[in-house]
Each structure stands twice: as C-alpha cells, then as structure tokens.
Amino acid sequence: MPRTGRPFSVRMANMGPLGWVSDVRGYRYQPTHPFTGRPWPPIPERLRALWRALVGSPEPECCLVNLYRVGAKMGLHRDEDEEAQELPVLSVSLGDAAIFRLGGLARRGPTVSLRLESGDVVLLAGASRHAYHGIDRILAATSDLVPGGGRINLTLRRVTRPA
Ligand code: MD6
Ligand code: FE
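Criteria and thresholds
Residues numbered from 1 in each chain as written. Chains lettered and ligands numbered in written order. Predicted model: local features only at pLDDT ≥ 70, side-chain atom pairs only at ≥ 80, totals over all residues. Heavy atoms only, no water. Salt bridge = Lys/Arg side-chain N within 4 Å of Asp/Glu carboxyl O. Helix = DSSP H or I, 4+ residues; strand = E, 2+ residues; numbered from the N terminus. Buried < 20%, exposed > 50% of the residue type's maximum accessible area, 1.4 Å probe, protein only. Contact = heavy atoms within 4.5 Å. Near = heavy atom within 4 Å. Polar contact = N/O pair within 3.5 Å; in protein donor to acceptor, adjacent residues only side chain to side chain. Areas by Shrake-Rupley, 256 points an atom, 1.4 Å probe, with all protein chains shown as cover. Nonpolar A, V, L, I, M, F, W, Y, C, P; charged D, E, K, R; others polar. Donors = N, O, S within 2.8 Å, 3.2 Å for Na, K, Ca; no water. Core = buried A, V, L, I, M, F, W, Y, C linked by side-chain atoms within 4.5 Å.

Caption draft 1: Here's a closer look at the pattern of salt bridges. Per the counting criterion, the structure on display carries 13 salt bridges. Among the ionic pairs, Arg158 bridges to Glu61, the shortest N-O distance being 3.4 Å. Remark: Glu61 occurs in the loop between helix 1 (45-54) and strand 4 (62-68) and Arg158 occurs in the segment after strand 11 (151-157); sequence separation between them is 97 residues. On the accessibility criterion, Arg158 (12% relative accessible area) is buried. The salt bridge involving Asp136 is made with Arg101; its shortest N-O contact spans 3.0 Å.

This is the structure in structure tokens:
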C-alpha cells in the first residue's frame, strides 16, 4: 500500500498490455510485473468478447486479477488511475459470494449493499463510473470454484485514451 508499504489483504496480478500495480510510491499502470520484469500475459479472448458485447471499442488494456481469501476486503475507493476515465469499467466475480458496497460521487453519503455471486458481472458506466465502491466481506464456502476457497474478481479497463 502507498506510504505504509504494508500488504493489501487482496492478492493481485494482471493480464493485458498494462497492469495496475501498487507500492510505497503509489498506484500506476505498467507493462511488466514489478518483481519478474516480464510482460503480463494476454487477456483471454472470452473476456475480450464480454467487453466487446457490453462496452464495444476501444479494446481493454488491463485485466486486474484480485484474489480474496476469506477475510480479505477492499476499502471504499473510486477507479481513477486511468487516463480514459470516461470509459466503463467491467468486472466479473468468480467463486465465493461477496458483499459489494456501492455509493455515490462523495465518499460520505448513502451506499447500497449488493451480494455478488459467482458469474455476476458489474459494469460501472456513465455517472456510476466515478462512484465510490468496495468489498466489505467474502462469504466463506458459498462456492467451491476457487481452489483453497475464496473469490476472484477480474476487472477490465481501458487505461489510455485511444488515438
Ligand atoms: C471487487 N471491484 O469486486 C472490486 N471497480 O472485488 C471493483 O473495485 C470494481 O467491480 C470498478 C468496476 C467494477 C468493480
Ligand atoms: Fe474498483
């Protein structure tokens, strides 16, 4: 995590030409894995097809892979590290169910809680693209999809503005 350098409770990896990474210096997108220096693997065609169907062009550049073991959570945040902030963000939930909290454009303000099940897709587009959201908790043993238990969230984003 920025400043403290403490680990997130969520474990992260990426696919695609740009990966979202975080360290003491802050958040950024970069083409290679911070430890191995190797490029991220490509975004699988099935995910690209889902993006084409729901968002269209341009293509996604980042698929962030978040692994939540039971007990992991993600604080309320907005997705704002992208240059192409007007394009939607699409996510796919897999494995254990999670309690997703969705608010508005201000950090303090009313929120709603949604239970995301394995296979659910969330599209933050239009005004909701800039809404605060987070994961309050993982509901243990609600799916046996992820080996060892837990939840995987795949988040597809366009990072750069298309030429
Ligand atoms: C999660 N999702 O579901 C966290 N961001 O684990 C996100 O932070 C998110 O689901 C932007 C758009 C959709 C999302
Ligand atoms: Fe997010």
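Caption draft 2: Main features of the environment of Val146. With respect to the helices and strands, Val146 occurs in the loop between strand 10 (133-139) and strand 11. Val146 sits in the buried class, given a relative accessible area of 9%. Taking C-alpha positions, Val146 is 34 Å from Gly109, a pair spaced 37 residues apart along the chain. With near-sequence residues (within four places) excluded, Val146 lies in contact with Leu67, Arg69, Leu94, Gly95, Arg151 and Ile152.

Caption draft 3: Representation of the site of ligand 1 within the structure. Near ligand 1 you find Tyr68, His77, Asp79, Val89, Ser91, Phe100, Leu124, His133, Ile135, Arg151 and Asn153, and these make up its full shell. Within the side chain of His133, one N or O atom sits 2.8 Å away from a nitrogen atom of ligand 1. Protein chains shield 99% of the accessible area of ligand 1, which is 350 Å² for the free molecule. For the shell around ligand 1, the elements supplying multiple residues, two or more each, are strand 6 (89-95), strand 10 and strand 11. Of the residues contributing to the shell around ligand 1, the split by class is 5 nonpolar, 4 polar and 2 charged.

Caption draft 4: Structural view of the coordination of the iron ion (ligand 2). Here the iron ion (ligand 2) is held by His77 (NE2), Asp79 (OD) and His133 (NE2), and the distances to it run 2.1 to 2.2 Å. The sequence pattern describing where the donors of the iron ion (ligand 2) fall on their chain is H-x1-D-x53-H.

Caption draft 5: The nonpolar core, seen in detail. Counting residues in each nonpolar core, the largest one holds 11 residues, listed as Val10, Tyr68, Ala72, Met74, Ala98, Phe100, Leu116, Val122, Leu124, Ile135 and Ile138. For this core, the secondary structure elements donating two or more residues are strand 7 (97-102), strand 9 (121-124) and strand 10. In this structure Ala98 touches Leu114, Arg115, Leu116, Ile135, Arg137, Ile138 and Arg151, once residues within four positions along its chain are discounted. Leu47, Trp51, Cys63 and Leu154 belong to the second-largest nonpolar core, a separate cluster that totals 10 residues.

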